[in-house]
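Chain and residue survey
Here is how the chains run, residue by residue.
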Amino acid sequence: MTNESYQFQDEVIAIAKEAGEAIMQIYSTDFGFEKKADNSPLTLADLAAHNIIVSRLRLLTPDIPILSEESETIDPKLRLSWQKYWLIDPLDGTREFLKRNGEFTVNIALVSQHQSIMGVVYAPATGLTYYASKGQGAYKQIGAAPAQRIYTKCLNLQQITIAGSRSHSDERFQRFIHNVEAVTLVSPELISLGSSLKICLVAEGSADVYPRLGPTYEWDTAAAHCVLQEAGGDIVDEHAITLSYNNKPSLLNPHFFATADKAQQWATFL
(Lines give C-alpha, C1' and ligand atoms only; values in the text may rest on other atoms or scores of the structure.)
Protein backbone atom coordinates (compact mmCIF):
# COMPACT_ATOMS: atom_id res chain seq x y z
CA MET A 1 0.00 0.00 0.00
CA THR A 2 2.74 2.45 0.91
CA ASN A 3 4.77 1.79 -2.23
CA GLU A 4 1.73 2.12 -4.45
CA SER A 5 0.76 5.49 -3.06
CA TYR A 6 4.36 6.70 -3.23
CA GLN A 7 4.58 5.55 -6.84
CA PHE A 8 1.85 8.03 -7.88
CA GLN A 9 3.17 10.99 -5.92
CA ASP A 10 5.12 12.83 -8.64
CA GLU A 11 2.29 12.42 -11.15
CA VAL A 12 -0.28 13.71 -8.67
CA ILE A 13 1.87 16.74 -7.83
CA ALA A 14 2.05 17.48 -11.56
CA ILE A 15 -1.73 17.11 -11.88
CA ALA A 16 -2.31 19.49 -8.94
CA LYS A 17 0.00 22.05 -10.54
CA GLU A 18 -1.74 21.75 -13.91
CA ALA A 19 -5.08 22.34 -12.18
CA GLY A 20 -3.49 25.27 -10.35
CA GLU A 21 -2.43 26.84 -13.65
CA ALA A 22 -6.02 26.67 -14.89
CA ILE A 23 -7.21 28.27 -11.66
CA MET A 24 -4.70 31.11 -11.97
CA GLN A 25 -5.74 31.82 -15.58
CA ILE A 26 -9.28 32.44 -14.35
CA TYR A 27 -7.99 34.27 -11.24
CA SER A 28 -6.47 36.91 -13.53
CA THR A 29 -9.83 37.62 -15.21
CA ASP A 30 -12.98 39.42 -14.07
CA PHE A 31 -14.66 36.17 -13.05
CA GLY A 32 -18.09 35.70 -11.48
CA PHE A 33 -19.59 32.94 -9.36
CA GLU A 34 -22.83 31.14 -8.61
CA LYS A 35 -24.23 29.66 -5.42
CA LYS A 36 -24.45 25.91 -4.87
CA ALA A 37 -27.34 24.23 -3.06
CA ASP A 38 -25.59 24.69 0.32
CA ASN A 39 -25.08 28.40 -0.48
CA SER A 40 -21.32 27.99 -0.93
CA PRO A 41 -19.78 29.73 -3.96
CA LEU A 42 -18.84 27.95 -7.19
CA THR A 43 -16.63 29.49 -9.87
CA LEU A 44 -15.41 28.52 -13.31
CA ALA A 45 -12.06 27.85 -11.63
CA ASP A 46 -13.58 25.09 -9.46
CA LEU A 47 -14.99 23.40 -12.55
CA ALA A 48 -11.86 23.83 -14.69
CA ALA A 49 -9.66 22.34 -11.97
CA HIS A 50 -12.15 19.51 -11.39
CA ASN A 51 -12.18 18.57 -15.08
CA ILE A 52 -8.38 18.52 -15.32
CA ILE A 53 -7.85 16.47 -12.15
CA VAL A 54 -10.57 13.92 -12.93
CA SER A 55 -9.44 13.39 -16.53
CA ARG A 56 -5.77 13.01 -15.51
CA LEU A 57 -6.51 10.64 -12.63
CA ARG A 58 -8.67 8.47 -14.88
CA LEU A 59 -5.71 8.09 -17.22
CA LEU A 60 -3.30 7.45 -14.35
CA THR A 61 -5.44 4.93 -12.44
CA PRO A 62 -8.46 3.80 -14.51
CA ASP A 63 -9.54 1.30 -11.83
CA ILE A 64 -9.60 3.71 -8.86
CA PRO A 65 -12.87 5.66 -8.44
CA ILE A 66 -12.85 9.42 -7.88
CA LEU A 67 -14.87 11.54 -5.49
CA SER A 68 -14.63 15.29 -6.04
CA GLU A 69 -16.44 18.14 -4.33
CA GLU A 70 -17.68 19.12 -7.77
CA SER A 71 -18.64 15.63 -8.99
CA GLU A 72 -22.23 14.58 -9.36
CA THR A 73 -23.72 13.02 -6.26
CA ILE A 74 -22.60 9.43 -5.99
CA ASP A 75 -24.91 6.89 -4.39
CA PRO A 76 -23.63 6.44 -0.81
CA LYS A 77 -24.14 2.66 -1.04
CA LEU A 78 -21.79 2.50 -4.01
CA ARG A 79 -19.29 4.89 -2.43
CA LEU A 80 -19.24 3.01 0.87
CA SER A 81 -18.24 -0.14 -1.03
CA TRP A 82 -15.03 1.49 -2.24
CA GLN A 83 -11.88 0.19 -0.56
CA LYS A 84 -9.68 2.75 -2.30
CA TYR A 85 -10.51 6.00 -4.08
CA TRP A 86 -9.26 9.47 -4.97
CA LEU A 87 -10.75 12.25 -2.85
CA ILE A 88 -10.28 15.73 -4.28
CA ASP A 89 -11.21 19.33 -3.66
CA PRO A 90 -10.32 21.08 -6.92
CA LEU A 91 -10.41 24.53 -5.30
CA ASP A 92 -10.35 24.58 -1.51
CA GLY A 93 -10.97 28.10 -0.27
CA THR A 94 -13.31 29.43 -2.95
CA ARG A 95 -14.17 32.33 -0.63
CA GLU A 96 -10.47 33.20 -0.46
CA PHE A 97 -10.31 32.94 -4.24
CA LEU A 98 -13.21 35.41 -4.50
CA LYS A 99 -11.46 37.76 -2.06
CA ARG A 100 -8.30 37.46 -4.20
CA ASN A 101 -6.06 36.90 -1.17
CA GLY A 102 -4.22 33.90 -2.65
CA GLU A 103 -5.08 31.55 0.23
CA PHE A 104 -6.65 28.72 -1.74
CA THR A 105 -5.41 25.26 -2.65
CA VAL A 106 -5.83 22.23 -4.86
CA ASN A 107 -6.29 19.15 -2.64
CA ILE A 108 -5.78 15.60 -3.93
CA ALA A 109 -5.79 12.57 -1.61
CA LEU A 110 -5.65 8.83 -2.12
CA VAL A 111 -7.78 7.11 0.51
CA SER A 112 -7.45 3.41 1.33
CA GLN A 113 -9.29 1.53 4.09
CA HIS A 114 -10.73 4.81 5.42
CA GLN A 115 -7.31 6.47 5.80
CA SER A 116 -5.57 9.05 3.63
CA ILE A 117 -2.40 7.33 2.37
CA MET A 118 -1.22 10.10 0.04
CA GLY A 119 -1.92 13.81 -0.01
CA VAL A 120 -0.95 16.76 -2.19
CA VAL A 121 -1.90 20.33 -1.26
CA TYR A 122 -0.88 22.93 -3.84
CA ALA A 123 -1.35 26.69 -3.42
CA PRO A 124 -1.15 28.02 -6.99
CA ALA A 125 -1.01 31.73 -6.06
CA THR A 126 2.24 31.22 -4.13
CA GLY A 127 3.66 28.10 -5.82
CA LEU A 128 3.71 26.31 -2.47
CA THR A 129 3.29 22.51 -2.38
CA TYR A 130 2.87 20.23 0.62
CA TYR A 131 2.86 16.49 -0.01
CA ALA A 132 3.18 13.17 1.77
CA SER A 133 2.78 9.44 1.27
CA LYS A 134 2.19 7.01 4.10
CA GLY A 135 5.49 5.92 5.61
CA GLN A 136 7.53 8.30 3.43
CA GLY A 137 7.47 11.55 5.44
CA ALA A 138 5.95 14.96 4.74
CA TYR A 139 7.48 17.63 2.52
CA LYS A 140 7.14 21.30 1.66
CA GLN A 141 8.32 22.72 -1.65
CA ILE A 142 8.42 26.39 -2.63
CA GLY A 143 8.26 26.79 -6.40
CA ALA A 144 10.95 24.70 -8.08
CA ALA A 145 13.30 24.77 -5.07
CA PRO A 146 14.30 21.42 -3.53
CA ALA A 147 11.59 20.00 -1.25
CA GLN A 148 12.27 20.15 2.50
CA ARG A 149 11.07 17.54 4.96
CA ILE A 150 8.73 19.04 7.58
CA TYR A 151 7.91 18.09 11.15
CA THR A 152 5.41 19.26 13.74
CA LYS A 153 6.67 21.31 16.68
CA CYS A 154 6.95 20.28 20.32
CA LEU A 155 4.15 21.69 22.46
CA ASN A 156 5.02 24.49 24.88
CA LEU A 157 1.87 25.63 26.70
CA GLN A 158 3.54 28.98 27.40
CA GLN A 159 3.96 29.65 23.68
CA ILE A 160 0.90 28.36 21.87
CA THR A 161 0.24 29.29 18.26
CA ILE A 162 -3.29 28.70 16.98
CA ALA A 163 -4.21 28.63 13.30
CA GLY A 164 -7.69 29.90 12.48
CA SER A 165 -9.99 30.38 9.54
CA ARG A 166 -10.05 33.74 7.83
CA SER A 167 -13.63 33.18 6.67
CA HIS A 168 -15.16 31.03 9.42
CA SER A 169 -14.20 32.45 12.83
CA ASP A 170 -17.09 32.10 15.27
CA GLU A 171 -18.10 32.26 18.92
CA ARG A 172 -16.84 28.75 19.77
CA PHE A 173 -13.44 29.54 18.27
CA GLN A 174 -13.22 32.75 20.30
CA ARG A 175 -14.19 30.88 23.47
CA PHE A 176 -11.52 28.25 22.75
CA ILE A 177 -8.88 30.99 22.53
CA HIS A 178 -10.18 32.60 25.71
CA ASN A 179 -10.03 29.28 27.59
CA VAL A 180 -6.49 28.54 26.39
CA GLU A 181 -5.46 31.96 27.68
CA ALA A 182 -7.28 31.43 31.00
CA VAL A 183 -5.51 28.09 31.64
CA THR A 184 -2.02 28.98 30.40
CA LEU A 185 -2.12 32.64 31.56
CA VAL A 186 -0.49 33.56 28.24
CA SER A 187 -2.19 34.97 25.14
CA PRO A 188 -1.76 32.51 22.28
CA GLU A 189 -0.45 33.75 18.96
CA LEU A 190 -3.10 33.62 16.23
CA ILE A 191 -2.47 33.00 12.54
CA SER A 192 -5.45 33.51 10.22
CA LEU A 193 -5.33 31.70 6.92
CA GLY A 194 -7.71 30.22 4.38
CA SER A 195 -8.25 26.67 3.11
CA SER A 196 -6.32 23.54 4.17
CA LEU A 197 -3.17 25.65 4.47
CA LYS A 198 -4.06 25.87 8.17
CA ILE A 199 -3.52 22.13 8.59
CA CYS A 200 -0.24 22.46 6.70
CA LEU A 201 0.86 25.23 9.10
CA VAL A 202 0.55 22.70 11.90
CA ALA A 203 2.42 20.09 9.83
CA GLU A 204 5.36 22.41 9.13
CA GLY A 205 5.74 23.42 12.78
CA SER A 206 4.36 26.98 12.45
CA ALA A 207 1.29 26.30 14.62
CA ASP A 208 0.35 23.97 17.46
CA VAL A 209 -3.30 23.49 16.63
CA TYR A 210 -6.03 24.38 14.20
CA PRO A 211 -9.43 23.95 15.84
CA ARG A 212 -12.27 23.64 13.34
CA LEU A 213 -15.51 23.96 15.27
CA GLY A 214 -17.83 24.27 12.29
CA PRO A 215 -18.81 22.22 9.24
CA THR A 216 -16.25 20.83 6.77
CA TYR A 217 -16.32 17.96 4.31
CA GLU A 218 -13.99 15.01 3.93
CA TRP A 219 -12.42 16.49 0.76
CA ASP A 220 -11.45 19.58 2.81
CA THR A 221 -9.14 17.59 5.10
CA ALA A 222 -8.00 14.32 3.48
CA ALA A 223 -4.95 15.56 1.55
CA ALA A 224 -3.57 17.73 4.36
CA HIS A 225 -4.40 15.00 6.89
CA CYS A 226 -1.81 12.68 5.33
CA VAL A 227 0.72 15.52 5.33
CA LEU A 228 0.07 16.24 9.01
CA GLN A 229 0.24 12.57 10.03
CA GLU A 230 3.53 12.05 8.21
CA ALA A 231 4.90 15.20 9.90
CA GLY A 232 4.07 13.77 13.34
CA GLY A 233 0.61 15.18 14.09
CA ASP A 234 -2.98 14.16 13.49
CA ILE A 235 -6.54 15.39 12.97
CA VAL A 236 -8.80 14.24 15.79
CA ASP A 237 -12.40 14.86 16.76
CA GLU A 238 -13.61 16.23 20.11
CA HIS A 239 -13.20 12.74 21.62
CA ALA A 240 -9.55 12.55 20.44
CA ILE A 241 -10.40 9.94 17.77
CA THR A 242 -8.55 10.23 14.45
CA LEU A 243 -10.72 11.37 11.56
CA SER A 244 -11.46 8.61 9.05
CA TYR A 245 -12.95 8.68 5.59
CA ASN A 246 -15.87 7.10 3.74
CA ASN A 247 -17.33 5.13 6.63
CA LYS A 248 -20.78 6.80 6.83
CA PRO A 249 -23.47 8.03 4.42
CA SER A 250 -22.67 11.69 5.12
CA LEU A 251 -19.41 13.25 3.89
CA LEU A 252 -19.44 15.87 6.65
CA ASN A 253 -16.54 15.83 9.10
CA PRO A 254 -17.12 16.15 12.83
CA HIS A 255 -15.65 19.21 14.54
CA PHE A 256 -11.93 18.59 14.81
CA PHE A 257 -8.49 19.64 15.96
CA ALA A 258 -5.51 19.47 13.63
CA THR A 259 -2.84 19.01 16.26
CA ALA A 260 0.93 18.84 16.34
CA ASP A 261 0.93 16.97 19.67
CA LYS A 262 -1.29 13.88 19.48
CA ALA A 263 -1.33 13.58 23.28
CA GLN A 264 -2.74 17.07 23.93
CA GLN A 265 -6.47 17.02 24.75
CA TRP A 266 -7.56 20.26 23.07
CA ALA A 267 -11.25 19.56 23.68
CA THR A 268 -10.72 20.46 27.34
CA PHE A 269 -10.49 24.11 26.21
CA LEU A 270 -13.96 24.14 24.62
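These figures come from a predicted structure and were not determined experimentally.

Details of the overall build of the protein chain
The helix and strand tally for the protein chain stands at 8 helices and 14 strands. Seen through its C-alpha atoms, the protein chain measures out along the principal axes to roughly 55 × 45 × 40 Å. Within the protein chain, the proportion of its 270 residues that are buried is 53%. Across the protein chain, contacts joining residues at least 24 apart in sequence account for 65% of those joining residues at least 6 apart. Looking at the protein chain as shown, the accessible area adds up to about 11900 Å², and 51% of this sits on carbon and sulfur atoms. Distance between charge centres in the protein chain, computed from 22 positive and 31 negative side chains, equals 1 Å.

Section: the side chain of Thr216
Looking at where Thr216 falls in the secondary structure, it is placed in the loop between β12 (209–212) and α8 (218–231). Under the relative-accessibility criterion, Thr216 is labelled buried at 5%. Filtering out sequence-adjacent residues up to four positions away, Thr216 remains in contact with Leu251, Leu252, Asn253 and Phe256.

What about the pattern of salt bridges?
Evaluated as defined, the whole model comprises 8 salt bridges. Among the ionic pairs, Lys36 bridges to Glu70, the shortest N-O distance being 3.5 Å. With Lys36 in the loop between β1 (33–35) and β2 (41–43) and Glu70 in the loop between β3 (66–68) and α4 (76–80), this pair connects stretches of sequence that are 34 residues apart.

Things to note about the nonpolar core
One finds Leu87 and Tyr130 to be the most contacted residues of the largest nonpolar core, which totals 38 residues. Among the elements that line this core, the one with the most residues is α8, at 8 residues. Sequence-distant contacts of Leu87, defined by excluding residues within four places in its chain, comprise Leu67, Asn107, Ile108, Ala109, Val111, Glu218, Trp219, Ala222 and Tyr245. Listed in part, the 32 residues of the second largest apolar core include Ala22, Ile52, Leu57 and Ile108.

Side note on the environment of Trp219
Along the polypeptide, Trp219 turns up in helix α8. According to the relative accessible area criterion, Trp219 is buried, its value standing at 9%. Distance from Trp219 to Glu69, taken between C-alpha atoms, is 6.7 Å for residues 150 residues apart in sequence. Those residues in contact with Trp219 that sit more than four places away from it in its chain are Ser68, Glu69, Leu87, Ile88, Asp89, Asn107 and Leu251.

Thoughts on the state of the cysteines
Considering all chains together, one arrives at 0 disulfides under this definition. The thiol of Cys154 is not disulfide-bonded; the next cysteine sulfur, from Cys200, is found 19 Å away. Residue Cys154 is classed as exposed on the basis of its relative accessible area, which comes to 73%. Cysteine Cys200 shares no disulfide, and the gap to the nearest cysteine sulfur, in Cys226, comes to 11 Å.

Looking at the pairing of strand β8 (residues 138–142)
Alignment of strand β7 (residues 128–133) against β8, held across 5 bridges, turns out to be antiparallel. For Tyr131, the partnering residue across the bridge sits in β8 and is Tyr139. Between β7 and β8, which pair antiparallel one after the other, the connecting turn spans 4 residues, and Gly135 there sits at a positive phi close to 80°. Pairing geometry for β8 and strand β9 (residues 148–150), over 3 bridges, is antiparallel. Each residue of the ladder has a partner; that of Ala138, found in β9, is Ile150.

About the criteria used
Residues numbered from 1 in each chain as written. Predicted model: local features only at pLDDT ≥ 70, side-chain atom pairs only at ≥ 80, totals over all residues. Heavy atoms only, no water. Helix = DSSP H or I, 4+ residues; strand = E, 2+ residues; numbered from the N terminus. Buried < 20%, exposed > 50% of the residue type's maximum accessible area, 1.4 Å probe, protein only. Contact = heavy atoms within 4.5 Å. Areas by Shrake-Rupley, 256 points an atom, 1.4 Å probe, with all protein chains shown as cover. Lys, Arg positive; Asp, Glu negative; His and termini not counted. Charge placed at Lys NZ, Arg CZ, Asp CG, Glu CD. Salt bridge = Lys/Arg side-chain N within 4 Å of Asp/Glu carboxyl O. Core = buried A, V, L, I, M, F, W, Y, C linked by side-chain atoms within 4.5 Å. Disulfide = S-S within 2.5 Å. Pairing = 2+ DSSP bridges.

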